[in-house]
Amino acid sequence: MLSTVNWRTLRADLPASLVVFLVALPLCVGIAVASGVPVELGLVTGVVGGLLVGLMPGSSMQVSGPAAGLTVLVAEAVDRYGLAGLGTIVLVAGLLQIGLGLLRLGRWFRAISVAVVHGMLAGIGLLLIAGQVHVLAGATTPPIGLAAFAGLPALVGDLTESGAARLSLAVGVATLALMMLWNALPGRQRTVPGALVAVAAAAGATAALGLPVDTIDVAGLLAAIQPSIGHPSLLVDLGVLTTIATFTLVASAESLFSAAAVDRLHQGPRTDFDRELVAQGTGNTICGLLGALPMTAVIVRSSANVQAGARSKASRVLHGLWLLVFVAAAPGLVALIPLPALAAVLVHAGVKLLPLRTMPALWREHRGEAVVLMVTAAAILTTDMFTGVLVGLGLAVVKTAWETSHLRVIVGDGDAGPVDVALVGNATFLRLPTILSALHALPTDRSVRLDLRDLRHVDHACRMALDTWIETHHRSVGGHVQVVAPRSAPAERLGPVRTAE
């Protein structure tokens, strides 16, 4: 970093780091609360993402820290395995990320269908919103998964009967409204992030008016951190191994997709995806050892970093320094923040994960991708993150295989002469029913001219099926097949056609 930073870039990086710090602070605290862990652990992850990952090679502009996209996963892991189990999961996931990066497999995460990633984020966003709506109404421990949706009718009943619940909801809704109004202001006035302004206003109003609203419980940084080398005995549990695989997949995919998006926002050096994966894995390894939240590269902070005029890695390193100074110098200020205000910030973050603007155009232009997105989100809502992503990936593969096996069978039957049959496209086993249905419908007492010149691909199954049909048609009375094959003269059999495996 020192070799690339000079006074000219530092004049741009210093104010940018303050902007990123102000964006990161409420998100670090809110994500920790939503994940069911002490708020200090979210700040620790932000500090590690700035001071450690910020110094490492990979991407120059994106900023790492706790991500809303992992909130549901973390909450489920803490509920099942406790904070000690979470540390082990994050530690092993980080080591796996380092291994994948060293094996130069980082670039292959870009091969994941964008529809699956957006569906994953949409599912997470819906779960996050449903859970935080309960916190808005005064429930300090939000339900996880489908229980959050199932509990919404009871929540409505609580609001009609409880004045405390209505007051909590009012604080949260006011915070959300202020945040949205602030974000609608002209650019120069939005230098201070709306989330910070809204949370600070909610904290000030709650303290000044003495409102009976739940606030954050702060235990202190040293008390919250519980260093550990992990609990290897947990690694024999299939559920833990599945959770580790899910963390590795989701955190890596989100970080690298964020890197690709951030690269489009600036003209600086492009991201080295393998090195970035190693950097993210190193950060998660340290967070696992400290028992903190897992990290990813976060598009909200990264885009704020670019838009604030950052020129080098110094901005993201300094943002980690400001987080550390804040935690050390003013931890009491965090205890003033009302929980409904943080829930409003996370509801806003959850809405941002939903493809509300892009979905209509995607449905019109790429309906298959839209279906993959919706199925992935629905699978995550009804099962779990790992199963939902696997369902989405499987559907994306099936969709791609179906589309790439597009085939047309054109039959021209004149009054005299042979029947003309042309196969156009890709002949794969997926299209065997179409091919054989058309061929078996041909008259057996007529000659057939089979034109394969526009056939771009023939797999082994189709090759064998065509050979068998030709032999059968030759044996019929009056049947004869003339094959017009690619790069060859008319032939009696498919010999000149090469099989493309």
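Residues numbered from 1 in each chain as written. Predicted model: local features only at pLDDT ≥ 70, side-chain atom pairs only at ≥ 80, totals over all residues. Heavy atoms only, no water.

### So, the packing of helix α4 (residues 114-136) against helix α15 (residues 339-352)
Remark: α4 packs on α15, axes separated minimally by 8 Å, with the N-to-C direction vectors making an angle of 160 degrees. The pairing of α4 with α15 is recorded here as roughly antiparallel in orientation. Along this stretch, α4 crosses α15, giving a crossing that reads as left-handed. Contacts between α4 and α15 involve G125, L128, I129, Q132, V135 and L136 on the former and, on the latter, L339, P340, A343, A344, L346, V347, G350 and V351. (Axes fitted to C-alpha atoms, helices over the stretch in contact; angles between N-to-C directions. Helix = DSSP H or I, 4+ residues; strand = E, 2+ residues; numbered from the N terminus. Parallel < 35°, antiparallel > 145°, perpendicular 65-115°, else oblique. Left-handed = near helix turned anticlockwise from the far one by under 90°. Contact = heavy atoms within 4.5 Å.)

### Some remarks on unusual backbone geometry
One non-glycine residue with positive phi stands out, namely R104, at about 60 degrees. If you trace the backbone, R104 turns up in the loop between α3 (71-102) and α4. The class of R104 is partly exposed, set by a relative accessible area of 49%. (Buried < 20%, exposed > 50% of the residue type's maximum accessible area, 1.4 Å probe, protein only.)

### Quick look at the side chain of T376
Checked against the element boundaries, T376 lands in helix α17 (residues 367-382). Owing to a relative accessible area of 0%, T376 belongs among the buried residues under this scheme. Setting aside residues up to four positions removed in sequence, T376 forms contacts with V116, G119, M120, G388 and G392.

### Considerations on the nonpolar core
Membership of the largest hydrophobic core comes to 95 residues, with the highest contact counts inside it found for L86, M120 and F247. A per-element tally of this core places α4 first, with twelve residues. Grouped together as the second largest cluster of nonpolar side chains are 22 residues, L452, V481, V483 and A485 included. (Core = buried A, V, L, I, M, F, W, Y, C linked by side-chain atoms within 4.5 Å.)

### Concerning the packing of helix α7 (residues 163-183) against helix α8 (residues 194-209)
As a packed pair, α7 and α8 sit with axes 8 Å apart at the nearest point and diverge in direction by 145 degrees. For α7 against α8, the interelement crossing comes out right-handed. Across the interface between the two elements, V171, T175, L178, M179, W182 and N183 of α7 pack against G194, A195, V197, A198, V199, A201, A202 and T206 of α8. Across the contact of α7 with α8, the residue classes tally to ten nonpolar, four polar and no charged. (Nonpolar A, V, L, I, M, F, W, Y, C, P; charged D, E, K, R; others polar.)

### Some words on the pattern of salt bridges
Under the counting rule described, the total for this entry stands at seven salt bridges. Between D451 and R453 there is a salt bridge, with the nearest N and O atoms lying 2.9 Å from each other. A residue is classified by how much of its surface remains accessible, and D451, at 16% relative accessible area, is buried. Accessibility expressed as a relative area gives 53% for R453, which makes it exposed. Via salt bridges that share partners, E369, K399 and E403 belong to a single interconnected network. (Salt bridge = Lys/Arg side-chain N within 4 Å of Asp/Glu carboxyl O.)

### Details of the confidence of the model for the chain
Across the chain, the average pLDDT comes to 83, with 90% of residues at 70 or higher. When pLDDT is averaged over each element of the chain, helix α11 (residues 273-290) comes out on top at 93 and helix α9 (residues 221-224) at the bottom at 66. Predicted confidence for residues 488-501 stays below pLDDT 50, and this span has 40 contacts to residues more than four positions away or in other chains. (pLDDT = per-residue confidence, 0-100.)

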